[in-house]
Amino acid sequence: MEERHTCTDKSVLDMTNPKPKAESQSDEAEDPDGGWGWVLVGALFVSTSLVFGLMRSLGIFFVEFVQYFDESAHAISWISSTGLAAQQFFSPLGAALCNAYNARVVVMTGGLLAGLGLILASQATRLYHLYLTMGVISGLGWGLVFTPMVATVMAHFTRRRTLALGLAFSSIGLSSFAFNPLFQLLVEKYAWRGALLILGGLSLNIVPCGALIRPRRRSKAPAKVDSETGSSPVSVLRRISSYLELSLLSERPYVTYTLGITLLNVGYFVPYFHLVAHSRHAGFSEYQSAFVMSAAGASDILGRIVSGWFSDLGHFRLIHLLSAWTTLAGVFIMLLPLSSLSGSYSALMVISLLYGFCSGALTSVVFVVVPLIVGVERMMGALGLLQLIESGAGLLGTPLSGFLKDVTGNYVASFIVAGSFLILGTLTMATLPHYFSCTDPPPPPQRSSLDDKHNGLHSELEHMTSSPSSDTNHRV
Amino acid sequence: MKSLWAVALLLSCWRADASTAPKISADPPEVSNQTSALLTCNMTGSSLPSKGSYWTHNGQVLDDTKSSNTGLTMSLNLEKITHSTSGKYECVFMTEPEAKATIEVKTLPHVVAYKHSEHGNEKDKGVLVCVSHGYPLPTDWSWAKDGDSPMPIFNGTSEKYEIKSTPNKTTLTINDLNLKDDIGDYICSGTSEVGTTFDKIHLRVRSRLAALWPFLGIVAEVIILVTIIFIYEKRRKPDEITDDDDSGSAPLKSNSNANHKDKNVRQRNSN
């Protein structure tokens, strides 16, 4: 019946499609879109800036490290590569621990580790100390912080999810602006060791952010513990696999989506690394090139917030919005080299602003689509696995574009390839089931029963959701 | 006898080649420590046709000097000679084979400190770096500590100072920094055949504990925040507990059918 109406006819959808609404209400009945949820958005804002904003501003220290340790810039750049890789690699671990215990403990521990890594780094006497401390330990801490916090915030919202995430992720751009001069100041006042020590202290502020997470949703842990009899290796493995949500890897929608996002990631970072070099190559001055990057960064922040607000208006399905932003970003990446080769600075500026806006817009939506595919219950593990799998793309994308530049002599080929990867990602996402329908499909049934105890639960669920009075049942 | 003839033939052929090989006279043969110069090359003594000419700078072809002028003279005007325009210039005549001559443009070495203000921690090591651009690169580097009477620093005289130098970079490492003695200006000088230039670096030594106070301040703030959050939560807990359990999602409710923990409101959905 819904197909007769356009996608923008929300009121009709509400009336004729009670099922998904009921499901979503049951998912978020804790704190529907408000109150404590916004406090958590603030906590996510702070912790994201202390994780990614900090990672992006570590360049200030690298100049010092090159000089102090007498190593090449390449060797020093491995520090941040290790940190980022560790954050993404340990994301499933963070998700699994949240499923096993609770998010509050995990995030607070992550904050402690992140701070500890930086504090230990301030005492480093060799380069490999920095790999271990700033790279592995802090990276592990960041991995334990980011995914759990994002999942927790998403669990607290339904209608305003994208806006909440968009507001929180705008912190990355804003904090990069603020941290660069701040870190420079710290290094000048306290030398790099003192500055790292203070940064470690700043990172400890993630701990109160984690403390703000109210302990909830303990159902998963007791349920799993009870359902497994004994601690034989098989049952332990089954438990671990359920905490990690490994079963997701066999589900086509999730795998399709992850693949699409991975393809997106191959091309996504290329402009960040190569835009300045390409502008210089095309003949613009250092200041002009740097300004282009800053402008793109500013429109990125704007894009995140606007996209968050717009997505929640509900006029379009999130997956469609994501496809639109991704395609646009891909197109603009491909247009970037063409605009600068024409010699026109204003053309380059305009395209960069548009690219920045679209790439920021898509980041707000990427995570929010996940619970629509896998359901809110499994969102935590799904996000963790997504982070891990998409990390491979980052490792592939930048060297590939560098290789193309070396082979062809300019950046045109790398930008075009990067843009086409984004469009390829969109095409992959178009193969998701129900992609072309106007409404979101109902989220999949909650966790399939691992044991008989929950068979009763399932029939109860179906009974509840199919009855017309289910709305009142769930609106507690 | 025959071999003698062969040798004589070879020699004369070679001499013939040499005599028809173009001679290029370059003027001036070398430029040293000048602010501007006009480089000229004259091709003489050759009947070989020239298809054109161009100049190269340090091995790289200067595109805007390419000319298809078949004349025997080419010139290049260097209006301002700085460290970036110094180096080896080659005038190339596009004959078969190419004929070229080299003119060296030399300037004072351009010595620049990597960073003019350096910071180190007490008892840690401090690293000061100077780099040089231009042609020719310095052959000698020296460091001195500035003051009323600048004291030169020599490599290897004590464990305190280590100097590592390459033609384009020199590094002075000061071990075991002392708060009182090691603060100040350091001068790095680079000497080449043309002359000497130097630059100054100011070294600041920080006490190891300087950063400790802000750090402890931040840690205290973190502990206070966490305490406040937990206390606030404990205060609200009695009211919150019923709300929490009440608003659990469907699976939550059904689970606790089997498990005791959350006493209250399951009745609505219980069978």
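The rules behind each value
- Residues numbered from 1 in each chain as written.
- Chains lettered and ligands numbered in written order.
- Predicted model: local features only at pLDDT ≥ 70, side-chain atom pairs only at ≥ 80, totals over all residues.
- Heavy atoms only, no water.
- Helix = DSSP H or I, 4+ residues; strand = E, 2+ residues; numbered from the N terminus.
- Areas by Shrake-Rupley, 256 points an atom, 1.4 Å probe, with all protein chains shown as cover.
- Pairing = 2+ DSSP bridges.
- Axes fitted to C-alpha atoms, helices over the stretch in contact; angles between N-to-C directions.
- UniProt positions renumbered as here; feature names shortened; annotations may be inferred.
- Core = buried A, V, L, I, M, F, W, Y, C linked by side-chain atoms within 4.5 Å.
- Buried < 20%, exposed > 50% of the residue type's maximum accessible area, 1.4 Å probe, protein only.
- Contact = heavy atoms within 4.5 Å.
- Domains from an automatic or database assignment.
- Buried area = accessible area lost by both parts, 1.4 Å probe.
- Disulfide = S-S within 2.5 Å.

Chain B carries the name Basigin in an unreviewed UniProt entry, which gives Larimichthys crocea as its organism.

Visitor: Where do I start with the overall build of chain B in this structure?
Guide: Helix and strand counts for chain B come out as 3 helices and 17 strands. Summing over all exposed atoms, chain B offers an accessible surface of approximately 16000 Å²; the carbon and sulfur share of this is 57%.

Visitor: Looking at this model, I keep getting lost on the sheet that holds strand β15 (residues 169-174) of chain B. Mind explaining?
Guide: Pairing between the strands of a sheet comes from backbone hydrogen bonds, and it takes one of two forms, parallel or antiparallel. Residue and element names in this part refer to chain B. The strand order across the open sheet built from 4 strands is β9-β11-β15-β14, with neighbouring strands paired in antiparallel fashion. Of all strands in the sheet, those bounded by a partner on one side alone are β9 (110-113) and β14 (161-166). Going across the sheet, the axis of each strand differs from the next one's by a mean of 15°, ignoring polarity. Pairing geometry for strand β11 (residues 126-133) and β15, over 6 bridges, is antiparallel. Residue pairing in the sheet places L128 in a bridge with L172 of β15.

Visitor: Please explain the UniProt feature "domain: Ig-like" (unreviewed entry) in chain B as it appears in this structure.
Guide: Summarizing the sequence annotation, UniProt attributes the feature "domain: Ig-like" (unreviewed entry) to residues 22-104 and 109-188 of chain B in the numbering used throughout. In the segment residues 109-188 of chain B, helix accounts for 0% and strand for 54%; the C-alpha atoms at its two ends are 12 Å apart.

Visitor: Just checking my understanding: could you explain the nonpolar core for this structure?
Guide: The tendency in soluble globular proteins is for nonpolar side chains to be buried side by side. Counting 125 residues, the largest nonpolar core has F61, F65, Y257 and F367 of chain A as its most contacted members. The element contributing the most residues to this core is helix α9 (residues 161-203) of chain A, with 16 residues. Discounting residues that sit within four places of it in the chain, F367 of chain A has contacts with F146, V150, M154, L165, F169, L383, L386 and Q387 of chain A. Counting residues in hydrophobic clusters, the runner-up holds 18 residues, among them V31, L39, W55 and L78 of chain B.

Visitor: Where do I start with the domain arrangement of chain B in this structure?
Guide: Residue and element names in this part refer to chain B. In terms of domain boundaries, chain B breaks down into domain 1 (23-106) and domain 2 (110-206). Each of domain 1 and domain 2 was reduced to a C-alpha centroid, and the two centroids are 38 Å apart. Domain 1 puts 9 residues into the contact, and the matching count from domain 2 is 7 residues. Summed over both partners, the interface of domain 1 with domain 2 comes to about 660 Å²; 64% of that surface belongs to carbon and sulfur atoms.

Visitor: What is the right way to look at the UniProt feature "transmembrane region" (unreviewed entry) in chain B in this model?
Guide: Residues annotated in UniProt with the feature "transmembrane region" (unreviewed entry) correspond here to residues 211-232 of chain B. Here residues 211-232 of chain B runs as 95% helix and 0% strand, with 32 Å between its end C-alpha atoms.

Visitor: Whenever I open this one, the pairing of strand β10 (residues 117-121) of chain B confuses me. Can you help?
Guide: The side chains of a regular strand alternate between the sheet's two faces. Residue and element names in this part refer to chain B. The buried fraction of β10 is high, at 4 of 5 residues. The pairing of β10 with strand β17 (residues 196-206) spans 5 bridges and is classified as parallel. The partner of E118 across the bridge, within β17, is L203.

Visitor: Teacher, can you tell me more about the state of the cysteines here?
Guide: Here a disulfide denotes one covalent bond, and it connects the sulfur atoms of two cysteines. Under the counting rule described, the total for this entry stands at 2 disulfides over all chains. A sulfur-sulfur separation of 1.9 Å characterises the disulfide bridge that pairs C41 of chain B with C91 of chain B. Torsion about the S-S bond of the C41 of chain B and C91 of chain B cystine: about -85°, corresponding to left-handed handedness. Taken as a pair, C41 of chain B in strand β3 (residues 37-44) and C91 of chain B in strand β7 (residues 87-93) lie far apart in primary sequence, 50 residues in all. Of the two residues, C41 of chain B and C91 of chain B, both sit in the buried class. Among the cysteines of chain B that take part in disulfides, numbered as they appear in the sequence, the pairing is 1-2, 3-4. C98 of chain A carries a free sulfur, and the closest cysteine sulfur to it, the one in C209 of chain A, is 15 Å from it. Judged by its relative accessible area of 7%, C98 of chain A falls in the buried class. Of the residues examined, C209 of chain A reaches a relative accessible area of 6% and is grouped as buried.

Visitor: Looking at this model, I keep getting lost on helix α6 (residues 91-100) of chain A. Mind explaining?
Guide: Two residues of an α-helix separated by three or four positions point the same way, owing to the 3.6 residues in each turn. With 8 of 10 residues buried, α6 of chain A lies mostly within the body of the structure. Along α6 of chain A, the residues classified as buried are S91, P92, G94, A95, A96, C98, N99 and A100 of chain A.

Visitor: What is the right way to look at unusual backbone geometry in this model?
Guide: Residues apart from glycine generally show negative phi values, whereas peptide bonds are mostly found in trans. At the junction of Y135 of chain B and P136 of chain B, the peptide bond is cis and its omega measures out at -5° in the coordinates. Structurally, P136 of chain B can be placed in the loop between β11 and β12 (140-145). Of note in this structure, A191 of chain A is not a glycine but carries a positive phi near 65°. Locating A191 of chain A in the fold gives a position in helix α9. Backbone geometry places N33 of chain B, a non-glycine residue, at a positive phi of 55°. Classification of N33 of chain B as partly exposed rests on a relative accessible area of 48%.

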